[in-house]
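Working through the structure, step by step
Here is what each chain is made of, one letter per residue.
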Amino acid sequence: MIIHCGSDLLFATRIRHAADAAGLASRSAADADELARVAADLTEAGQGDDVTLVLVDLAGSEAALRTIARARELLPAARVLAFGPHVDKALLDAARQHGAHAVLPRSAFTAKLNDILHGRA
């Protein structure tokens, strides 16, 4: 199962469709607070350990950075991958500093989405 965190509906739809095509369950969360609710629901249902990947859209910058840290705290077994604008190197670096396992520019994320979902990237 994957969780996508962010408010960009275009990317949320793209991720959901790619996850569906890959046969993966997916959930969305707008921010760290909603991620906490989703993680609690999944844990209560006995599915907390099923989350293997958390994708964080860095469009919200500070809020997205909090979401990365919260994902690492709530879902320690999940890989956290952040993606954002290639021109904002400081934001991409901050995502790494907040605990993202991997950070990609949006263009690379989009190009590699299927590989990412299959654990090949």
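A brief structural summary.

Quick notes on the rules
Residues numbered from 1 in each chain as written. Predicted model: local features only at pLDDT ≥ 70, side-chain atom pairs only at ≥ 80, totals over all residues. Heavy atoms only, no water. Pairing = 2+ DSSP bridges. Helix = DSSP H or I, 4+ residues; strand = E, 2+ residues; numbered from the N terminus. Axes fitted to C-alpha atoms, helices over the stretch in contact; angles between N-to-C directions. Salt bridge = Lys/Arg side-chain N within 4 Å of Asp/Glu carboxyl O. Buried < 20%, exposed > 50% of the residue type's maximum accessible area, 1.4 Å probe, protein only. Parallel < 35°, antiparallel > 145°, perpendicular 65-115°, else oblique. Left-handed = near helix turned anticlockwise from the far one by under 90°. Contact = heavy atoms within 4.5 Å. Nonpolar A, V, L, I, M, F, W, Y, C, P; charged D, E, K, R; others polar.

1. Observations concerning the sheet that holds strand β1 (residues 2-5)
Pairing is parallel across the open sheet formed by five strands, whose spatial order is β2-β1-β3-β4-β5. Two strands close off the open sheet at either side, each with one partner strand: β2 (26-29) and β5 (102-105). Taking each pair of neighbouring strands and ignoring which way they run, the sheet shows an average axis angle of 20 degrees. One ladder, built from four bridges, connects strand β4 (residues 79-84) with β5; its direction is parallel. Bridge assignment links F83 to a residue of β5, and that residue is L104.

2. Re the pattern of salt bridges
Enumeration according to the criterion identifies five salt bridges in this entry. Between K89 and D93 there is a salt bridge, with the nearest N and O atoms lying 2.9 Å from each other. Of this pair, K89 and D93 are both found in helix α4 (residues 89-97), four residues apart, which corresponds to roughly one turn of the helix. Note on K89: relative accessible area 56%, which makes it exposed. Across the pair R96 and D93 runs a salt bridge, and its minimum N-O distance is 3.0 Å. In this pair, R96 and D93 are both assigned in helix α4, three residues apart and thus about one turn of the helix distant. Of the residues examined, R96 reaches a relative accessible area of 44% and is grouped as partly exposed. Through salt bridges with shared partners, one network takes in D8, D57 and R106.

3. Things to note about the pairing of β2
Two faces, one strand: in a regular strand the side chains alternate between the faces of the sheet. When β1 meets β2, the two strands line up parallel, connected through four bridges. Within the sheet, the bridge partner assigned to I3 lies in β2 and is R27.

4. Side note on the packing of helix α1 (residues 9-21) against helix α5 (residues 106-117)
At their nearest, the axes of α1 and α5 sit 9 Å apart, and the two run at 20 degrees to each other. Judged on the interaxial angle alone, α5 and α1 are roughly parallel. For the pair α1 and α5, the crossing hand works out as right-handed. Contact residues: α1 offers F11, R14, I15, A18 and A19, while α5 offers R106, F109, T110, L113, N114 and L117. Residues that form the contact of α1 with α5 fall into these classes: seven nonpolar, two polar and two charged.

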